[in-house]
Amino acid sequence: MAMCAAGCGSENSTAESVSESSAGTTAATTVTEAETISVSHTTQHPAKEAAEYGKVITLTFDDGPNTTCTPYVLDLLEKYNARASFFVIGNNINEESAQVMKCAYDMGNEINNHSRTHSYMNKMTAEEIKAEVEYTDELVEKYTGEKPRFFRPPYIAVNQTMFDSIDLPFINGKGCNDWDDKVSVEKRVEKVLEQAEDGAIILLHDADMNFQTVQALETIIPELQKQGYELVTLTELFFAKGITPVSDSTPKIYSNCMQEGNW
Ligand SMILES: [Zn+2]
């Protein structure tokens, strides 16, 4: 396995020193590091005008980062010149997995927020909700230099307190229950391709050891590209369609960037 070697590290001499200097799992933010990070990422500046995009889809991956599954996903994204958005769990970010996350970011993927503890946040107070989001925001910024731009609620469990307390657009997605080992590779492929449409957000998991999804991606990615879809980050998806995602108290959660209803 390439362990995403070609996609990061070799071109970015600051990657190692940043991870080394910020070893440990504390959430202290380092403003100076953030300010010196290059701003040329596709997440921040899509490389083309909105009108130049055709059909677009975003593959999203929840429950990482880790050193077992995430590197395989990155290898496939690199192989097919595709980009994706990762929703990471704060408590999964440790010294080793943070380097994989940084690698994902350096390859042009987007790192977003999937809470700290992956609990039912609709049972939490506003303060607890904010603490969950801030913890992960700060760790992502510490290692990549950029804060998450989107939030995916664990179990897609939401309530108004969450919409009031979290200052990011909420993202759902069209899934294939790939968190369940009993769902075969073939079923995962079939379900994803069945739900593919312009503007869609596909919900997958790069959870620890979820190799069936890696196998499914070996078919899903080239097939979507063959059908004319460009695989982009969430920021690019909204940008390509000229849409500003809702991030206020409106109870809206996206499965397609162009959806008109709240759900
Ligand atoms: Zn999850």
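What you see is a predicted model, and the numbers here were worked out from it, not measured in a lab. (Residues numbered from 1 in each chain as written. Predicted model: local features only at pLDDT ≥ 70, side-chain atom pairs only at ≥ 80, totals over all residues.)

Draft legend 1. Quick look at the packing of helix 3 (residues 70–79) against helix 8 (residues 211–226). At a minimum axis separation of 10 Å, helix 3 and helix 8 run at an interaxial angle of 15°. Judged by the inter-axis angle, helix 3 sits roughly parallel to helix 8. Crossing hand, helix 3 versus helix 8: right-handed. On helix 8, the residues that touch Tyr72, Val73 and Leu76 of helix 3 are Val214, Leu217, Glu218 and Ile221. (Axes fitted to C-alpha atoms, helices over the stretch in contact; angles between N-to-C directions. Helix = DSSP H or I, 4+ residues; strand = E, 2+ residues; numbered from the N terminus. Parallel < 35°, antiparallel > 145°, perpendicular 65-115°, else oblique. Left-handed = near helix turned anticlockwise from the far one by under 90°. Contact = placed C-beta atoms within 7 Å.)

Draft legend 2. Structural context of the nonpolar core. Ranked by internal contacts, the top residues of the largest apolar core, which has 61 residues, are Met101 and Leu231. When residues no more than four places from it in sequence are discounted, the contact partners of Leu231 are Ile57, Leu59, Ala82, Arg83, Ala84, Ile221 and Leu224. (Core = buried A, V, L, I, M, F, W, Y, C linked by C-beta atoms within 7 Å. Buried ≥ 20, exposed ≤ 12 C-beta atoms within 10 Å, placed from the backbone.)

Draft legend 3. Examining unusual backbone geometry more closely. A cis amide bond links Gly64 to the next residue, Pro65, at an omega of -5°. Checked against the element boundaries, Pro65 lands in the loop between strand 1 (55–64) and helix 3. Its identity as a non-glycine residue notwithstanding, His118 has a phi of 55°, on the positive side. Tracing the sequence through the fold places His118 in the loop between strand 3 (110–113) and helix 5 (126–144).

Draft legend 4. The arrangement of helix 5 in detail. The end-to-end C-alpha separation of helix 5 is 27 Å, in line with the 27 Å expected for 19 residues at 1.5 Å each. Of the positions making up helix 5, those classed as buried are Ile129, Glu132, Val133, Thr136, Asp137, Leu139, Val140, Glu141, Lys142, Tyr143 and Thr144. With its phi angle positive at about 90°, Gly145 sits one or two positions after the end of helix 5. (Expected span 1.5 Å × (residues − 1).)

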